[in-house]
Amino acid sequence: MQSHNCASEGWNYTFQWRDSNGVRFLTQPVKVATSKWREFTTDCASIVAGEKGSGDVFVFAYTFREEDSGLLSEFFLEHQLRKKGYRILDGELSI
């Protein structure tokens, strides 16, 4: 298990995760501001719960490298997470 403190990104979140094939599964969901999370994950994807446009989401899993985002999508589809109220949130690509 690994952990990350986001203080260096200017926000106060600490979370732990387990890696599985390039996907980081959080040991406990973390509630974060959608815009800050999208900046943190840049060009990657996350599995989240929360209303679109609400400002906050609960993050359950994310990728750290763009090339692993397909693995996250496969997991999402395989486990039919949309039916369970989850969605994919893409990061905000900084150009």
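Residues numbered from 1 in each chain as written. Predicted model: local features only at pLDDT ≥ 70, side-chain atom pairs only at ≥ 80, totals over all residues. Heavy atoms only, no water.

Undergrad: What am I meant to see in the pattern of salt bridges here?
TA: In a structure, side chains of opposite charge can pair up when their charged atoms sit close to one another. Enumeration according to the criterion identifies 3 salt bridges in this entry. Its salt-bridge partner being R24, residue D19 comes within 3.5 Å of it at the nearest N-O pair. Assessed through its relative accessible area of 15%, R24 is described here as buried. Between E67 and R65 there is a salt bridge, with its nearest N and O atoms 3.7 Å apart. By relative accessible area, which is 58% here, E67 ends up exposed. Under the relative-accessibility criterion, R65 is labelled partly exposed at 43%. Salt bridges linked by common partners bring R65, E67 and D68 together as one network. (Salt bridge = Lys/Arg side-chain N within 4 Å of Asp/Glu carboxyl O. Buried < 20%, exposed > 50% of the residue type's maximum accessible area, 1.4 Å probe, protein only.)

Undergrad: Looking at this structure, how should I read the nonpolar core?
TA: Generally speaking, soluble globular proteins have nonpolar side chains that are buried together. In this structure, F15, W17, L26, V30, V32, W37, F40, V48, V57, V59, Y62 and L89 together form the largest nonpolar core, which totals 12 residues. Elements supplying a minimum of two residues to this core: strand 2 (14-20), strand 3 (23-33), helix 1 (34-41) and strand 5 (56-63). Residues V23, A61, L72 and L81 belong to the second largest nonpolar core, which totals 7 residues. (Core = buried A, V, L, I, M, F, W, Y, C linked by side-chain atoms within 4.5 Å. Helix = DSSP H or I, 4+ residues; strand = E, 2+ residues; numbered from the N terminus.)

Undergrad: I keep staring at the side chain of R87 and nothing clicks. Help me out?
TA: If you trace the backbone, R87 turns up in strand 6 (residues 86-90). When its relative accessible area of 13% is taken as the criterion, R87 is described as buried. A distance of 3.1 Å separates a polar atom in the side chain of R87 from the backbone oxygen of G50. Excluding residues within four positions of it along the chain, R87 makes contact with S46, I47, V48, G50, E51, K52, V57 and F76. (Polar contact = N/O pair within 3.5 Å; in protein donor to acceptor, adjacent residues only side chain to side chain. Contact = heavy atoms within 4.5 Å.)

Undergrad: Sorry if this is basic, but what is going on with helix 1 here?
TA: Think of an α-helix as 3.6 residues a turn; residues three or four steps apart then line up on the same face. Of the residues making up helix 1, those classed as buried are T34, W37, F40 and T41. Seen from one end, helix 1 has its buried residues packed into an arc of 125°, which puts them on one side. Directly after helix 1, the chain includes T42, whose backbone phi takes a positive value near 40°. (Arc of directions from axis to C-beta.)

Undergrad: I keep staring at unusual backbone geometry and nothing clicks. Help me out?
TA: What is expected of a backbone is that most residues other than glycine have negative phi and most peptide bonds are trans. Residues other than glycine seldom take positive phi values, yet N21 does so here, at roughly 55°. Among the structural elements, N21 can be located in the loop between strand 2 and strand 3. The class of N21 is exposed, set by a relative accessible area of 66%.

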